[in-house]
Amino acid sequence: MTVSIYNTKSGKKEPFSPLEKDHIKLYVCGITAYDYCHIGHARSTLVFDMIVRYLRYRGFKVTYIRNFTDIDDKIIKRAQEQHTTTEELANRFIKAFREDMESLGNEPPTLEPKATENIPEIIAIIQELITKGFAYEVEGDVYFKVNRFANYGSLSGRNLEDMLAGARISINEQKQNPMDFALWKASKPGEPVWGSPWGAGRPGWHIECSAMSRKFLGDTFDIHGGGKDLIFPHHENEIAQSEASSGKPFVATWIHHGFVTIKDEKMSKSLGNFLTIREILEKYPAEVLRFFVFSTHYRTPLDFSETAMKDAETGLDRLYTCLAEIAKLPVHGDPNQSPAAGKKNVSKINSLVDRFVKAMDNDFNSAQALGHIFEVVKVLNTIRQSLPASPAESDLALLHASAKSIRELAGIMGLLQQEPVAYIKDKQEKTMGLLDIDQAAIESLISDRKIAREQKNWTRADEIRDILLNHQIEIKDEADGSTSWQVKI
RNA sequence: GGCGGCGUAGCCAAGUGGCUAAGGCAGUGGUCUGCAAAACCAUUAUUCAGCGGUUCAAAUCCGCUCGCCGCCUCCA
């Protein structure tokens, strides 16, 4: 079996194999550091975190580069508004981004280069483009000549005539063609500057990725990723720059993920309909967000809503509950007891890894992969529920092994890594802290109810139960006559 | 206007021509219980926006219609 990946360049799913045996080189466009990141950015990092983890699980070595854009128009503007330097502003939000990544439970990339730390490489590539006739300088600006690059538009399926017909491009007198884009921008007064053969200035947006990917991964590498909105112009321009300068193919596979939407509209800074990662993590555990994100295929739009998050949380609880119940079972059982697990169920359990891998091999279909896990959870619950008082050794071994396997697979998405029993308990304690009733009051009510029940005063007993339930306390009458309680989660 | 995508049960969502259209949430029924709750189990689409075509066979391929969204300007 091989991993298949949907390649934006071909518009098809293709069997994937790295250029260098067992070593995958991956470059992902990171953030422009000028503000806190929203859930859309979170999805991007989550998706590639999952992809990298899965490729590693499949035995590949993965070199994963994710850059920071720490110099651009938005950063300059924001820094001026805040009366600070672009450097301070960018560093502040890079730090915030790293905190967010940590909270989300993302593994760090192999390297996280910044544009400003690679200015010499950027200048070198621009010079190469000028020398080869793909770029020209006008009064300290340098532009890429799109007409010179025959394949311009191949990634996004556009051609220059159609784009010009769109007429949404602001006409810049200096450009030879309105579609030409800046490689280097002459600085205006007060802006940060770097020296260059064309005078003091700063790099354009697209060139940094060409320079950094070349520096860390080479002229040609396996996978380049980002959001769908980067296909044009960003990635189109990267291809033009990189291929024009190196004369070699740039990237074998382009992966683009879908957006996060709210009420079916793209979440974005410009629309103002965004929620920051921080705001979400105040309300929901990171694992719930991960579960929510991976419940939908990465190329499909993901519509965020409170209901969807609540559903995700309930689903995640179901998984943890199953694991916690299994963890409570003894490790060893009765070797003479006949097994409760039926043949069909056993084969469903045993095929989990294969089915999971098959789903993930198919363009990282995490939604389907999670579905398989849920299916096995149902089977495990059935077996556990039908266990006799002294369960069979084989049943217990099967349940424990399956739980371990589920946690291992879910770990590829960064899910189910908490101790299941502790997860349930923590959750209850957390809720308990928010309640308007304390333990003593609960126990006192339960003992009142016990008396009522002994007197067969069901009305009073039920009344007490309702009072407790109003305080989010659920009680359970045990077989031995005692009553246990727990916080409703 | 150009290019691309989507439309599957009450909601979310998988489904790369052919076994009973995954799975989750909600709902309903049941096991348990004095009654409950929790947990668990069962159940919920003769049908995949609509129409037509290709095929022995279509949610899946092709065409048209309707609706929604994205990119073409900074954007994950």
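Keep in mind that this is a model prediction, so the values were computed, not measured.

Draft legend 1. Representation of the state of the cysteines in the model. Using the criterion set out here, one finds zero disulfides in the structure. Cysteine Cys37 remains unbridged, with the sulfur of Cys29 as its closest cysteine sulfur at 14 Å.

Draft legend 2. Spotlight on helix α12 (residues 352–361). Of all ten residues in α12, seven are buried; the element is thus mostly enclosed. On its buried side, α12 packs onto β1 (4–7), α1 (39–57), α11 (343–350), α13 (366–385) and α14 (393–410). Asp363 lies just past α12 and shows a positive phi near 55 degrees.

Draft legend 3. Main features of the sheet that holds strand β9 (residues 221–227). With parallel pairing, four strands are arranged side by side in an open sheet as β4-β3-β9-β10. Edge strands, defined here as strands with exactly one partner in the open sheet, are β4 (61–66) and β10 (251–257). Here the average twist between neighbouring strands, direction ignored, is 20 degrees. As paired elements, strand β3 (residues 23–28) and β4 share six bridges and run parallel to each other. Along β4, the bridge assignment pairs Val28 with Arg66. Along the sheet face, helix α7 (residues 231–246) touches β9 and β10 and points at about 160 degrees away from the line of β9.

Draft legend 4. Looking closely at the packing of helix α6 (residues 207–217) against α7. Orientation of α6 relative to α7, taken along the N-to-C sense of each, is 55 degrees, at an axis distance of 8 Å. As far as their axial angle goes, α7 and α6 are oblique. In the packing of α6 onto α7, the handedness of the crossing is right-handed. In this structure, α6 contributes Ile207, Cys209, Ser210 and Arg214 to the contact, and α7 contributes His234, Glu238, Gln241, Ser242, Ser245 and Ser246. In terms of residue class, the contact of α6 with α7 is built from two nonpolar, six polar and two charged.

Draft legend 5. Broad picture of the pattern of salt bridges. Evaluated as defined, the whole model comprises 41 salt bridges. The partner of Lys21 in a salt bridge is Asp22, with the nearest N and O atoms 3.1 Å apart. Given a relative accessible area of 71%, Lys21 falls into the exposed group. A salt bridge links Arg202 to Asp73; its shortest N-O distance comes to 2.8 Å. Taken together, the positions of Arg202 in strand β8 (residues 201–203) and Asp73 in helix α2 (residues 73–81) put the pair 129 residues apart, joining distant regions of the chain.

Rules and cut-offs
Residues numbered from 1 in each chain as written. Chains lettered and ligands numbered in written order. Predicted model: local features only at pLDDT ≥ 70, side-chain atom pairs only at ≥ 80, totals over all residues. Heavy atoms only, no water. Disulfide = S-S within 2.5 Å. Buried < 20%, exposed > 50% of the residue type's maximum accessible area, 1.4 Å probe, protein only. Helix = DSSP H or I, 4+ residues; strand = E, 2+ residues; numbered from the N terminus. Contact = heavy atoms within 4.5 Å. Pairing = 2+ DSSP bridges. Axes fitted to C-alpha atoms, helices over the stretch in contact; angles between N-to-C directions. Parallel < 35°, antiparallel > 145°, perpendicular 65-115°, else oblique. Left-handed = near helix turned anticlockwise from the far one by under 90°. Nonpolar A, V, L, I, M, F, W, Y, C, P; charged D, E, K, R; others polar. Salt bridge = Lys/Arg side-chain N within 4 Å of Asp/Glu carboxyl O.

Everything listed here is a matter of geometry and, on its own, says nothing about what the molecule does.
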